[in-house]
Amino acid sequence: MCTTIVLFELLTFQSPPVFDIKDINRVIVGLDIPTIEVRYEHLNIEAEAFAGGRALPSFINSVTNVIEGFLNLLHILPSKKKHVTILKDVSGIVKPRRMTLLLGPPSSGKTTLLLALSGKLDESLQASGRVTYNGHEMNEFVPQRTAAYISQHDVHIGEMTVRETLAFSARCQGVGSRYDMLSELSRREKAANIKPDPDLDVYMKATATEGQESSIVTDYTLKLLGLDICSDTMVGDEMLFKQYLLLLFVSQMASALFRAIGALGRNMIVANTFGAFAVLTLLALGGFILSRKDIKGWWIWGYWISPLTYGTNALMANEFLGNSWHNGTNNLGAEFLESRGFFSDSYWYWLGFGAVAGFVFLFNMLFGFALEFLGPFDKPQATITEEEPEANTPSEGTVAEVELPRIESSGRADSVVESSHERKKEWFFLLNHILSPLMKSYTLLTCRRRNKQLIQELGQPAPGSKDLHFPTQYSQSFLVQCQACLWKQRWSYWRNPPYTAVRFFFTTFIALMFGTMFWDLGGKHSNRQNLLNAIGSMYTAVLFLGVQNSSTVQPVVAVERTVFYREKAAGMYSALPYAFAQILVELPYVFAQAVTYGLIVYAMIGFDWTAEKFFWYLFFMYFTFLYFTFYGMMSVAVTPNHHVASIVAAAFYAIWNLFSGFIVARPSIPVWWRWYYWACPVAWTIYGLVASQFGDITEPMVSEGGKIVKDFIEDSYGIKHDFIGVCAVVVAGFAVVFAFIFAVAIKTFNFQKR
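### Observations concerning the overall build of the protein chain
Inference 1: Of the regular secondary structure elements, the protein chain holds 27 helices and four strands.
Inference 2: Residue burial in the protein chain is summarised as follows: out of 754 residues, 39% are buried.
Inference 3: Taken as a whole, the protein chain presents about 43,000 Å² of accessible surface, with 62% of it coming from carbon and sulfur.

### Points about a nonpolar patch on the surface
Inference 1: There is a patch of nonpolar side chains on the surface, built from Val 638, Val 737, Phe 740, Ile 741, Val 744 and Phe 749 and spanning about 500 Å² of accessible area.
Inference 2: Judged by relative accessible area, Val 744 falls into the partly exposed class, the value being 37%.

### Overview of the pairing of strand E3 (residues 126-133)
Inference 1: Pairing of strand E1 (residues 38-49) with E3 involves seven bridges; the strand directions are antiparallel. In the strand pairing of E3, Arg 39 is matched with Thr 132.
Inference 2: Bridge count between E3 and strand E4 (residues 136-137): two bridges; the pairing is antiparallel. Paired with Tyr 133 across the two strands is His 136, which belongs to E4.
Inference 3: Counting the residues in the hairpin turn of E3 and E4 gives two residues, including Asn 134, whose phi is positive at 55 degrees.

### Points about the state of the cysteines
Inference 1: The full count for this structure, using the stated rule, is zero disulfides.
Inference 2: Of the cysteine sulfurs around Cys 482, a residue in no disulfide, the closest is that of Cys 485, at 6.9 Å.

### Things to note about the side chain of Glu 68
Inference 1: Relative to the assigned elements, Glu 68 resides in helix H3 (residues 59-73).
Inference 2: In this view, Glu 68 contacts Phe 50, Arg 54, Leu 77 and Lys 80; residues no more than four positions away in its chain are not counted.

### Structural notes on helix H26 (residues 709-717)
Inference 1: By the burial criterion, the buried members of H26 are Val 709, Phe 712, Ile 713 and Tyr 717. Taken end-on, H26 shows its buried residues confined to a sector of 95 degrees, consistent with a single buried face.
Inference 2: Those residues of H26 that are buried are in contact with helix H19 (528-569) and helix H25 (681-694).
Inference 3: Just past H26, the residue Gly 718 takes up positive phi, approximately 70 degrees.

### Here's the deal with the nonpolar core
Inference 1: By size, the foremost hydrophobic cluster in this structure holds 130 residues, and its most contacted members are Phe 514, Tyr 597 and Phe 694.
Inference 2: Ranked by residues supplied to this core, first place goes to H19 with 18 residues.
Inference 3: Beyond its immediate chain neighbours, meaning those up to four positions away, Tyr 597 contacts Thr 507, Ile 510, Ala 511, Phe 514, Ser 537, Ala 541, Leu 545, Tyr 617 and Met 621.

### Notes on the packing of helix H18 (residues 497-517) against helix H21 (residues 586-605)
Inference 1: Relative orientation of the contacting elements H18 and H21 amounts to 15 degrees, with a least axis distance of 8 Å. It follows that H18 is roughly parallel to H21 by the angle criterion. Once H18 is placed against H21, the crossing between them reads as right-handed. Where H18 approaches H21, its residues Tyr 499, Thr 500, Arg 503, Phe 504, Thr 507, Thr 508, Ile 510, Ala 511, Leu 512, Phe 514, Gly 515 and Thr 516 are matched on the opposing element by Glu 586, Tyr 589, Val 590, Gln 593, Thr 596, Tyr 597, Ile 600, Val 601, Met 604 and Ile 605.
Inference 2: Residue composition of the contact of H18 with H21, grouped by class: 13 nonpolar, seven polar and two charged.

### Some remarks on the side chain of Thr 540
Inference 1: With respect to the helices, strands and loops of the structure, Thr 540 is situated in helix H19.
Inference 2: The contacts of Thr 540, once residues within four sequence positions are left out, are Leu 280, Ile 289, Phe 514 and Leu 545.

### Looking at the pattern of salt bridges
Pairs may arise between side chains of opposite charge once their charged atoms sit close together.
Inference 1: Under the definition given, this model contains eleven salt bridges.
Inference 2: Among the ionic pairs, Asp 608 bridges to Lys 613, the shortest N-O distance being 3.0 Å.
Inference 3: Exposure remark for Asp 608: the relative accessible area of 31% places this residue in the partly exposed category.
Inference 4: For the salt bridge of Asp 696 with Lys 613, the shortest nitrogen-to-oxygen distance reads 3.3 Å. Taken as a pair, Asp 696 in the loop between H25 and H26 and Lys 613 in helix H22 (residues 611-637) lie far apart in primary sequence, 83 residues in all.
Inference 5: Among the charged side chains, a network of salt bridges with common partners joins Glu 37, Arg 39 and Lys 95.

### Notes on the packing of H22 against helix H27 (residues 724-748)
Inference 1: Running from amino to carboxyl end, H22 crosses H27 at an angle of 25 degrees, the nearest separation of the two axes being 8 Å. Classed by the angle they form, the pair H22 and H27 counts as roughly parallel. Along this stretch, H22 crosses H27, giving a crossing that reads as left-handed.
Inference 2: For the contact of H22 with H27, the residue count by class is 24 nonpolar, one polar and no charged.

### A closer look at the pairing of E1
A regular strand places its side chains on the two faces of the sheet in alternate fashion.
Inference 1: Where E1 lies against strand E2 (residues 82-94), nine bridges are found, and the strand directions are antiparallel. Within E2, the position partnered with Ala 47 by the bridge is Val 84.

### Here we look at the environment of Asn 134
Inference 1: Residue position: Asn 134 is located in the loop between E3 and E4.
Inference 2: Through-space distance from the C-alpha of Asn 134 to that of Val 38 is 6.4 Å; in sequence the pair is 96 residues apart.
Inference 3: Leave out the neighbours within four places in its chain, and Asn 134 touches Thr 35, Ile 36 and Glu 37.
Inference 4: There is a polar contact of 3.0 Å between the side chain of Asn 134 and the backbone oxygen of Thr 35.
Inference 5: In this structure the side chain of Asn 134 is engaged in a polar contact, spanning 2.7 Å, whose partner is the backbone nitrogen of Glu 37.

Cut-offs used in this document
- Residues numbered from 1 in each chain as written.
- Predicted model: local features only at pLDDT ≥ 70, side-chain atom pairs only at ≥ 80, totals over all residues.
- Heavy atoms only, no water.
- Helix = DSSP H or I, 4+ residues; strand = E, 2+ residues; numbered from the N terminus.
- Buried < 20%, exposed > 50% of the residue type's maximum accessible area, 1.4 Å probe, protein only.
- Areas by Shrake-Rupley, 256 points an atom, 1.4 Å probe, with all protein chains shown as cover.
- Patch = residues over 30% accessible without salt bridge, like charges linked within 9 Å, V, L, I, M, F, W, Y side chains within 5 Å.
- Salt bridge = Lys/Arg side-chain N within 4 Å of Asp/Glu carboxyl O.
- Pairing = 2+ DSSP bridges.
- Disulfide = S-S within 2.5 Å.
- Contact = heavy atoms within 4.5 Å.
- Arc of directions from axis to C-beta.
- Core = buried A, V, L, I, M, F, W, Y, C linked by side-chain atoms within 4.5 Å.
- Axes fitted to C-alpha atoms, helices over the stretch in contact; angles between N-to-C directions.
- Parallel < 35°, antiparallel > 145°, perpendicular 65-115°, else oblique.
- Left-handed = near helix turned anticlockwise from the far one by under 90°.
- Nonpolar A, V, L, I, M, F, W, Y, C, P; charged D, E, K, R; others polar.
- Polar contact = N/O pair within 3.5 Å; in protein donor to acceptor, adjacent residues only side chain to side chain.

Okay, structure coming up:
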C-alpha cells in the first residue's frame, strides 16, 4: 500500500502534463476546455448509529430496532444509538484533468466523503463545512448534473448492450457542450491548416446527418473508454364489450398497483411481501370471500377503498342484471346479488368502472412520486466496534472518531503541502531507474533462465515419491459437509432480516388482520354464508401466505445458488450437503411462522378449542407453508434465475387457486378436469382444514332446511371427516417431494454461464 500511495502522490502532484495530438491542436487553435475544481473546507459529518453487536443485520436486531424505534417515537424509551463522527475537519482540493485516488482503511469514511462531494449525502447525517465547484456552493447549481457517484454495486439493465446503455444516458441527460466543442475544434483546425485527428475527422464527417449528435458522442465515448470492442455485448449483472372494457381497466389497475408497490418497497423481498399483503387485503375485503354484510364495522373502510370492490360489483351488475336472469316473475340475478351482499342497482357498472379508472391514475401517480422522492431501501453502513476505554480515552462508552488525512492549501491554487524537494528527486530517480528499458530486459532475461531451471527441476520426480492421489473428491466427509453448510446457512438466514424478519412481521400482521376481519366466525355455522366466511378465512390464508413464502424465498435461493456454484467449483463441498442445509434451515423459521399465525387466528376466529382440532390446524398450516417454501426453492433450482422461476411459479399459483375447491367445489368441477383437483396441493390442504374443523359437527343449518353441517359439507364440497389421515400424509408428502426435486435439480442442473 505504501508504494501505491507514493506512486499516486508522484503521478498526481508531480508528473508533468502529458499531451496527445488533440491537446496540442487545442492549444494551437486557442480552444480552452472547461474544467471543474472541487474544494472541500472544514468538512464535518456526524451520525447517530448503533455500535457493536447491535449494528449487525440479524433477525433479533431487526425486530428490536423496529420496537425500539416505535418506543423512541413515543418518547417512552431513550435511543440507544451512539454519536459517531465519520469525517472531522477534512479539507482538500480535487484538481481538474487529474485522476485522484482516495485510499483508506475500511470504515474510514471514504464513501461518505465521495457522497458529500457529489451532493448525494443522506439527509439523516449531520454535515457542516463547505463544498464548492469552481467557487460555487451546492445550492447554486445542480450537483447531480456535474458529478456522479458510482458505487461498487452499480446496476444496469441486463438486457441492454453497452452501446444502448450509454445511448440511453445520452438521450436522458443530453451530450452537453462536447458535440459543439468537437465541431468548433474541427473548424479551427481547418482554418489553421492543421491535419485533423483521424478519429475526430471520422466522427465529424458523420455529422452530415442531422440529429445524430447523441449517437456520435456515444461512439466517441465508447472508443475513448476502450469499450468499442464490447459495445454490442449485453451488460448482464432480473365478453360483451362492456365486460372486456372493465377487465381491461382492472388489469391496468393491477399493473399500476404492483408498480407502485415495487417503487415503494425498493427491495425485491420487501416488495414481494407487501405485494402479497396488498392482494390479500384487497381480495379479502373486496366482498367475494367475506360478504359485505359480514364485514365488521372497524373493517368496513377497507371494503370501500378496495379497487376489487368496485370491479367485482361492476362485473356482477353487468352479468346478473341481464335479461337471462329473469324468469318472467322474479329477478333471480338481483336476488342472488342481495343474498351475497352485492349491489343490485344497474348504475353500479359505470360507478365501478369509473372508480377502477381512478385507481389506475392514483397508483401510477404513487409510482412516479416514489421514484422521485424515495431513496434506496438498503443503505451501506460500516459496523462500529465498541472498544474498552484506554488511558487517553475521554470517557467510557464513547466511540473512536475516524479522521481522514488532511490536505491543506499552501496559499497557491496549484500547490499542495508535500514532502521535501530532495526526497521527491530521490523517488523520481528510483522510479526511472526501475522502469528503464535496460532494467526491464535484464529482469526478463533473469526470470526466463530461472523458469527454465525450475521446469527442469520440477519435471523430475523425487526418488521414492508416488503419484499424487486423493482417496475422496472432497477433503471432508459427507456428514461434516452437511454440518458446515448448515452452520453457514444458519448465519446467512439469521443475518438476513429483509427475508426472515419481514416474513415474521408480515405473518403476525396478517394473523391480527384476519382475526379482526373474521372475528368469532369459526363457531357460526347456522347458515351457508357463515360457513363460507369461515372456510374463506382458511382459503385466503393458505393461498396468500403460501404464495408469499414461495415468492420471497426465490431471490434468496437464487443468490445462495450463485455462491454455491463458486464454492462447489473450488471443491469445498458437494451439491447434496448444500441442498440439505438449505432445506433444514427453513424448518424452524416456518414452524415459528405457523405457530404464530395459528395461535392468533385460531383464538380470534373462534374455532373449537379441542386438542385434536388445534393440532390438525397447526399441522396442516405448518406443512402447507413448508411445501410452498420448498416449491419456491424448487422453481429456482429448475430454472436459470428467479425471474423465470417467478413466472413459472405464478402460472401454477393460478391453477392451484382455480382447483383449490373453494372457488369451484369439487362436485361442480367437470369430470374431465376433476383429476387435477386430486393433484392440487392447495386442494388437499383445504380438504384437511375443513374436514378437521367442520367435518364432525352435527348441528342443523337453518338456511339449509335443518341439514346438519357434516352432511352439508359432504354434499356441497365432497369433504369427509374420515379422510383427514390421508390428507395429512399427502400434504406432508408434497413438502417432501418438492424438497427432493430441489435437491436433485441442484445436483443435476448447472445454469452458470461462466
